[in-house]
Amino acid sequence: MKFSAFRILKEGLPGNKGWTPHWRNPDPKPAYDAIIIGGGGHGLSTAYYLAKNHGFTNIAVLEKGWLGGGNIGRNTTIVRANYFLPGNSEFYSHSLKLWENLEQELNYNAMLSQRGILSLLHSDGQFYTAARRGNSMLIQGDDARLIHRDELREMVPYLDYEQSRFPIKGALFHPRGGTARHDAVAWGYARGADQRGVDLIQNCEVTGIDIENGKVTGVQTTRGTIKAPKVAIVVAGRSSQVAAMAGMRLPIETHVLQAFVTEGLKPIVDHVISFGMGHFYISQSDKGGLVFGGDLDFYASYAQRGNLPTVEEVMRAGMTLMPALGKAKVLRSWGGVMDMSADGSPVIDKTQTKGLFLNCGWCYGGFKAVPASGVATAHLMATGRHHQMADMYRLDRFQTGYRLMDEEASGSQHNLH
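Now for a description of the structure that goes with this document. Note that the structure is a prediction, hence the values are computed from the model and not measured.

Reading the values: rules and limits
Residues numbered from 1 in each chain as written. Predicted model: local features only at pLDDT ≥ 70, side-chain atom pairs only at ≥ 80, totals over all residues. Heavy atoms only, no water. Helix = DSSP H or I, 4+ residues; strand = E, 2+ residues; numbered from the N terminus. Expected span 1.5 Å × (residues − 1). Bend = angle between axes of the 7 residues up to and from the residue. Buried < 20%, exposed > 50% of the residue type's maximum accessible area, 1.4 Å probe, protein only. Axes fitted to C-alpha atoms, helices over the stretch in contact; angles between N-to-C directions. Parallel < 35°, antiparallel > 145°, perpendicular 65-115°, else oblique. Contact = heavy atoms within 4.5 Å. Nonpolar A, V, L, I, M, F, W, Y, C, P; charged D, E, K, R; others polar. Pairing = 2+ DSSP bridges.

Each full turn of the α-helix corresponds to 3.6 residues, which orients residues three or four apart in the same direction. The first and last C-alpha atoms of helix 2 (residues 41-54) sit 19 Å apart over 14 residues, in line with the 20 Å expected at 1.5 Å per residue. Downstream of helix 2 by a residue or two, G55 has a phi angle that is positive, lying close to 75 degrees.

The structure is reproduced here in structure tokens:
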């Protein structure tokens, strides 16, 4: 079924009774050409691009719950390409270009809103660093502009510019950045993959990975054994657990990242605003709710819930930046489990087991990377070669120390990324 304004009108007149399901709900086959473990954004996009770009049709996506029930539905929906270091810069630049054509390609409304991202600056040193980052973004082919205080005050007058600890002196503006509807991204990729013959199998938890003579042969699941010569682990915060089924120990820790949304309000926040000194970021959804978050809960956990001290810290940072926030009622909060790598950058690579592939370590960058991650992982699975834009996302960098990408210059510690 193709979506269009005409189709909406046609189906609406008789009471919307002609719509069909977005995707099938098949039983698993005994064997596939490739299996992707994980029905989130990265897993679904990998399946879609395997089918679209490489002609794979006998593919299964295995999800232990429901499609889009993990981190893809538990984030603050930010899309951006304001990275600095080689390796990350070109990857997220490519991903943003894919985002900009995604709705037309999938024939699905992902509600992409390129409202622009403002990264606030508080000192002369930050201005210097932001100028370097902005120049790097421009060289990469993306957009960036330094904004000084007077212009910024006209754009976002509701911030506290005179706060004594962190006075706001300007911002680095990334106009093409913005937000997208996280659920719709998962649904759009699921629909596109299903249309190309991919089996999307929900309520099918992987309990073991079968390996014979150094080669992967399939997986054990709660719905039986499924054979495949190629298997990709694309499970975000559960990466360490699933990789352990194949005898692997990853340089990954899993932490909780909380997010919050307020009651619906009249439009006020026209951009995505990042307050670096307080590690706080905020935007406004199409429903009017203010969507915001902050730093990680600094303990390892697989639970999709957070702790109260971090809630207090996020609220404190929000009130410091935007005092009017204190008048809004917080409706709900949620937590996503983040697979944090030691250098703050992801892994898209083959493993020592032939036919077993790994996609993990996305830290804070998972949602915005969904399109490019799917392209790169599908390319690796289909050809055995790394895609040019993801060539530095190799697992052995943690063993050799070569090509570590410490994006935030924080040092190689999980809790600093």
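Now for helix 3 (residues 89-106). For helix 3, spanning 18 residues, the distance from its first C-alpha to its last is 25 Å, which sits close to the expected 26 Å at 1.5 Å a residue. Of all the bends in helix 3, the greatest, near 45 degrees, is centred on E100. Residues S89, F91, Y92, S93, S95, L96, L98, W99, L102 and L106 constitute the buried set of helix 3. Just beyond helix 3, the residue with positive phi is N107, at close to 50 degrees.

Before going further, it helps to examine the packing of helix 2 against helix 3. Where helix 2 contacts helix 3, the axes come no closer than 14 Å and their chain directions differ by 70 degrees. Relative to helix 3, helix 2 is oriented roughly perpendicular. Across the interface between the two elements, Y48, Y49 and K52 of helix 2 pack against L102, E105 and L106 of helix 3. Its residues assigned to classes, the contact of helix 2 with helix 3 shows four nonpolar, no polar and two charged.

Attention now moves to the sheet that holds strand 4 (residues 117-121). Ordered by their spatial adjacency, eight strands build an open sheet running 5-6-4-14-15-16-13-17, and the pairing between neighbours is mixed. Each having just a single partner strand, strand 5 (145-148) and strand 17 (330-341) make up the two edges of the open sheet. Strand after strand, the sheet turns through a mean of 25 degrees between neighbouring axes, direction not considered. Both strand 5 and strand 6 (residues 170-174) contribute to a ladder of four bridges, which runs antiparallel. When the bridges of strand 6 are listed, L146 appears paired with L172. Those strands touched by helix 4 (residues 124-140) are strand 4, strand 5 and strand 6, and its axis lies near 10 degrees from that of strand 6.

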